[in-house]
Amino acid sequence: MGVLSVAQLNVLAVAVKSRWICRTKKKKKKTMADRRTFNVVILGVGFLLIFTAFTTCGNIEQTVVKSLENGTFTGSGYHSLGIIYGVFSFSNLLAPTVVTIVGPKIAMFLSGLLYSGYIGVFISPSAWSFYLTSVLIGIAAAMLWTAQGHFLVENSEASTINRNTGMFWALLQCSMLFGNLYIYFDWNGRTVIPDSRRRNIFLSLLVTSILGTLSFLVLKKRHREEEMLSEEEGQSLLSPRMMYKHRAKTAMQDVKLELQTILQLVKTKTILLLAPCMAYSGLELSFYSGVYGTCIGATTQFGEEAKGLIGISGILVGIGEIVGGGLFGLLCKNNRFRRTSVVFLGMVVHFVAFYLIFLSIPDDAPVVFKTTTQKTSYLSPSVSIALLCSFLLGLGDSCFNTQLYSILGRVYAEQSTPAFAIFKFIQSVFAAVAFFYSGYLALMWQLLPMVILGFTGTLCFFVVERIQIVSVDFQEF
C-alpha cells in the first residue's frame, strides 16, 4: 500500500506532461501578445519622434527660409514641400516592392535616416542639398508609410487591430504638439530668426528624428517570422542571393496585380465621384500644414508675437485633428450619424475658417519674402480669430479624411489597398501642385479653389453615399 503501480505512474506522467504543455502554450501565447503590443507601442513612439521633427519643420520652413542671413540661398520652402508630395505620390507605386524585399523594419530605419537628413540640411542650408533631400524624403515617405501599414497588420489580430490602430494614431497625432510648443517658447517675441537660433532648433529636431529612427531597431520579430526566416536561410545556404531574388520576384508580381487593380478601380463610378473630395483634401492639407502658419508669421499687425504664433497655430491644428478623429470615430458607430453629416460639418467648418482668414489676414501674407505684410485686411487681424481658424482647419481636415477612409473601406472592402493607394496618389498630387503655386498667388486666390473644390467634393460625396444606401436597400429587398 502507498506504492504506485507502473500503469498509475504512466498515467501520472502523462497528466503532468499535458499540464506542462498547456502551461507552456499559454505562456508562449502571452509572450507573443506582449511582443506584438510592445512592437505597436515602439512603432508609435518612433513615428511620434520622427514626425514631431518633420511636421514642425514643414510648419516653419518657409518662415525659416525667409529669415536666412545667407544671401546666396535661393530655395523655397513651398517648392521643397511640393517636391516631397509630388515624389511621394509616384513612389507609392514602387514602395511595396522595396518593403517586401528588405522587410518593414529595415525600410522604416532607412526612411528615418532620410527624414533626419532632410532636417539636418537646415543646420547649414544650401539650395542643392535642400532640393536633393526633398526628393529623397518623398521616396522615404512612401517606404515609411507602406512599411508602417505592413508592420502594424503583422503585429495585430482581428481582435486587436482596432486597439492597435487607435494606439498608433493617438501617438502620431501628438507629434503636432511638442515641436510646435518648442517653437512658440523659442520664437515668441522675435521678429527675426537669427542663424544661431535656427541651428539650435534644427539640431534639437535632428536629435529627435534620429532617436525615432533608432527606436525602429528595437522592434522585435514575430516568432513565426523567425521560423520562416530560418527556413529560408537554411534552404539558401549554397546561394544566399536566391532568397532575395525570390522575394523580389514575388513582390514584382504583386505590384503588377495591384497596378492592374488600380487601373480598373480608377474607371469605376465611385472613385471618379470621390476624386474631387480627394483632391480637396490635398489642397487643404498643403494650406494648413505649410501656408497658413507662414501667413500668421508674416502678418505685420501681430508684431513681436507673430513668429511665436506659428507654433501655437500648429498645436491647435493638431488638437483639432485629435478631437475630430476621436469624436467622429465614436459618432459614426451610431447609425443615426451618417458619413454625409460629418463631411457636411467639415465643409461648413472649413468655409467658416476660410471666410475668417479672408477677412482678417492680409492678402499678401503667403507671398511676401524679405518683409512682413504691406497690405491691410478687411478686419483688423486678431490673434484669437487666427488661432480659432487653426483649430477649425484641423477639425475640418479630420472630418474629410476619416470619412474618405471609411467609405473606401466600406465600398472596397476586398480591394482596400489599391483604393487607398488611389486616394493617397490624388491627395499628394494636388498637395504638390498647391505648394508650387503657394509662393506666387495672393491669399484670396488660394482660398477660392479650395472653396470651389470643397463644395464640389462634398456634393459628390453625398452622391456616392446615396448610391451606397440605395444599393444596400436593393440587396435587402
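Not measured: the values here are computed from a predicted model.

> Let's hear about the environment of Tyr 405: which residues, and what values?
Position of Tyr 405 relative to the elements: it lies in helix 14 (residues 383-411). Under the relative-accessibility criterion, Tyr 405 is labelled partly exposed at 34%. Sequence separation of Tyr 405 and Ser 416 is 11 residues, and the distance between their C-alpha atoms is 9.4 Å. Excluding residues within four positions of it along the chain, Tyr 405 makes contact with Phe 420, Phe 423 and Lys 424.

> Tell me about the nonpolar core, and please be specific about residues and values.
Phe 47, Met 108, Tyr 115, Phe 202, Phe 287 and Ile 357 are the most contacted members of the largest nonpolar core, which has 108 residues in total. With 15 residues, helix 11 (residues 269-298) is the largest single contributor of residues to this core. Taken domain by domain, the makeup of this core includes at least three residues from each of domain 1 (36-219 + 246-267) and domain 2 (268-476). For Phe 202, the residues in contact, after removing those within four places along its chain, are Cys 57, Ile 60, Val 64, Ile 119, Phe 122 and Ile 123.

> Give me the lowdown on the packing of helix 11 against helix 13 (residues 339-360), citing residues and values where you can.
Where helix 11 meets helix 13, the closest approach of the two axes is 13 Å, and the angle between their N-to-C directions is 45°. By the angle class used here, helix 11 and helix 13 are oblique. Where helix 11 crosses over helix 13, the handedness of that crossing is left-handed. Between helix 11 and helix 13, the contacting residues are Tyr 280, Glu 284, Phe 287 and Tyr 292 on the first element and His 350, Phe 354 and Ile 357 on the second. Taken together, the residues that form the contact of helix 11 with helix 13 break down as five nonpolar, one polar and one charged.

> Before we move on, can you summarise the environment of Ala 432 with the specific residues and values?
Mapped onto the elements of the fold, Ala 432 is located in helix 15 (residues 416-438). Given the relative accessible area of 7%, Ala 432 is considered buried. Once the C-alpha coordinates of Ala 432 and Val 87 are considered, the two residues, 345 residues apart in sequence, prove to be 8.8 Å apart. Look past the residues within four positions of Ala 432 in its chain and what remains in contact with it is Gly 82, Tyr 85 and Gly 86.

> Tell me what's going on with the confidence of the model for the chain, and back it up with residues and numbers.
For the chain, the mean per-residue pLDDT works out to 81, and 79% of the residues sit at or above 70. Per-residue pLDDT stays below 50 along residues 225-238; that stretch engages in nine contacts with residues further than four places along the chain or on separate chains.

> Go over a nonpolar patch on the surface, please, and point to the residues and values.
Nonpolar side chains collect at one region of the surface, where Tyr 440, Leu 441, Met 444, Trp 445, Leu 448 and Ile 452 lie side by side and expose about 600 Å² of accessible area between them. Along the chain, Leu 448 turns up in helix 16 (residues 443-476). Overall, the relative accessible area of 38% leaves Leu 448 in the partly exposed class.

> Tell me about the side chain of His 350, residues and numbers included.
If you trace the backbone, His 350 turns up in helix 13. Residue class for His 350 comes out buried when judged on its relative accessible area of 0%. Residue contacts for His 350: discarding those within four places in its chain leaves Tyr 280, Glu 284, Leu 392, Leu 393, Gly 396, Asp 397 and Phe 400.

> Can you explain the packing of aromatic side chains? Please cite residues and give values.
On inspection of all chains with the given rule, the structure shows 25 aromatic pairs. For the ring pair Phe 47 and Phe 51, a centre distance of 5.8 Å and an interplane angle of 15° mean the geometry is stacked. Within this pair, Phe 47 and its partner Phe 51 are both found in helix 1 (residues 6-67), separated by four residues, close to a single helical turn. In this structure, Phe 47 and Phe 51 share a single accessibility class: buried. Connected via pairs of aromatic rings, a cluster forms that spans Phe 47, Phe 51, Phe 54, Tyr 115, Tyr 118, Phe 122, Phe 130, Tyr 131, Trp 145, Phe 168, Phe 202 and Phe 216. If you follow Lys 220 out to its NZ or CZ, it ends over the ring of Phe 38, 4.7 Å from the centre. A cation sits over an aromatic face here: Lys 424 above Phe 423, 5.9 Å from the ring centre.

About the thresholds
Residues numbered from 1 in each chain as written. Predicted model: local features only at pLDDT ≥ 70, side-chain atom pairs only at ≥ 80, totals over all residues. Heavy atoms only, no water. Helix = DSSP H or I, 4+ residues; strand = E, 2+ residues; numbered from the N terminus. Buried < 20%, exposed > 50% of the residue type's maximum accessible area, 1.4 Å probe, protein only. Contact = heavy atoms within 4.5 Å. Core = buried A, V, L, I, M, F, W, Y, C linked by side-chain atoms within 4.5 Å. Domains from an automatic or database assignment. Axes fitted to C-alpha atoms, helices over the stretch in contact; angles between N-to-C directions. Parallel < 35°, antiparallel > 145°, perpendicular 65-115°, else oblique. Left-handed = near helix turned anticlockwise from the far one by under 90°. Nonpolar A, V, L, I, M, F, W, Y, C, P; charged D, E, K, R; others polar. pLDDT = per-residue confidence, 0-100. Patch = residues over 30% accessible without salt bridge, like charges linked within 9 Å, V, L, I, M, F, W, Y side chains within 5 Å. Areas by Shrake-Rupley, 256 points an atom, 1.4 Å probe, with all protein chains shown as cover. Salt bridge = Lys/Arg side-chain N within 4 Å of Asp/Glu carboxyl O. Phe/Tyr/Trp six-rings, centres within 6.5 Å; stacked < 30°, edge-to-face > 60°. Lys NZ or Arg CZ within 6 Å of the ring centre and 35° of its normal.

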